[in-house]
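The chain contents come next:
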Amino acid sequence: AASTELFQTLAMTNNPRFWDSKTRCEQWCDTSGRPFTMQFPAILEPVGKYARLDPYFSLPTLRQASVKDIRTVKAQFQLRVLDDSYPKEAVSCSIKAQNTLMYLGSKCERER
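Residues numbered from 1 in each chain as written. Predicted model: local features only at pLDDT ≥ 70, side-chain atom pairs only at ≥ 80, totals over all residues. Heavy atoms only, no water.

### A word on the overall build of the protein chain
Next, step 1: Helix and strand content of the protein chain: 3 helices and 6 strands.
Next, step 2: Seen in sequence order, the protein chain has helices and strands lined up from the N terminus as α-β-β-β-β-α-β-β-α.
Next, step 3: By residue count, 23% of the 112 residues in the protein chain fall in the buried class.
Next, step 4: Carbon and sulfur atoms provide 55% of the accessible area of the protein chain, an area that totals close to 8700 Å². (Helix = DSSP H or I, 4+ residues; strand = E, 2+ residues; numbered from the N terminus. Buried < 20%, exposed > 50% of the residue type's maximum accessible area, 1.4 Å probe, protein only. Areas by Shrake-Rupley, 256 points an atom, 1.4 Å probe, with all protein chains shown as cover.)

Here it is, written out as structure tokens:
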């Protein structure tokens, strides 16, 4: 879950970086060099202002998707933090995650 302890594992140098040279996709990495991941509660807005689906977004539905299929899917979803109708801990985690994502995005923009 998104927490202060998790955020402290984020590498402060050499980020974002190309973790997989084959995909040429920039990723944020932790202090061990692995992609930085976090799990957090949020509301997914698939048709929000910033949501986008690639024209080739079509995973096979009759069989389990292969890793190759998943790697070629391109989607961008807009997230919304939880409101006060959810448990306090979940709302706090959701807000911390949003703040972290905003920080990472603004840091990328400043450095480019």
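Read on, since the account is not over.
### Observations regarding the pattern of salt bridges
Next, step 1: Tallying each qualifying case throughout the model produces 1 salt bridge.
Next, step 2: As a salt-bridge pair, Arg34 and Asp30 come within 3.7 Å of each other at their nearest N and O atoms.
Next, step 3: Assessed through its relative accessible area of 11%, Asp30 is described here as buried. (Salt bridge = Lys/Arg side-chain N within 4 Å of Asp/Glu carboxyl O.)

### Let's talk about the side chain of Ser94
Next, step 1: Within the secondary structure layout, Ser94 lies in helix H3 (residues 88-111).
Next, step 2: The residues contacting Ser94, other than those within four sequence positions of it, are Pro41, Ala42, Val81 and Leu82. (Contact = heavy atoms within 4.5 Å.)

### Quick look at unusual backbone geometry
In terms of backbone geometry, most residues other than glycine have negative phi values and most peptide bonds are trans.
Next, step 1: Cis geometry is adopted by the peptide bond preceding Pro16, which originates at Asn15 and carries an omega value of -10°.
Next, step 2: Within the element layout of this structure, Pro16 appears in the loop between helix H1 (4-7) and strand E1 (17-20).
Next, step 3: Located in the positive-phi region is Asn14, a residue other than glycine, with phi close to 55°.
Next, step 4: Here Asn14 shows up in the loop between H1 and E1.
Next, step 5: Judged by relative accessible area, Asn14 falls into the exposed class, the value being 54%.

### Points about the environment of Cys29
Next, step 1: By the element assignment, Cys29 lies in the loop between strand E2 (25-27) and strand E3 (43-45).
Next, step 2: Between the C-alpha atom of Cys29 and that of Phe18, which follows or precedes it by 11 residues, the distance is 9.5 Å.

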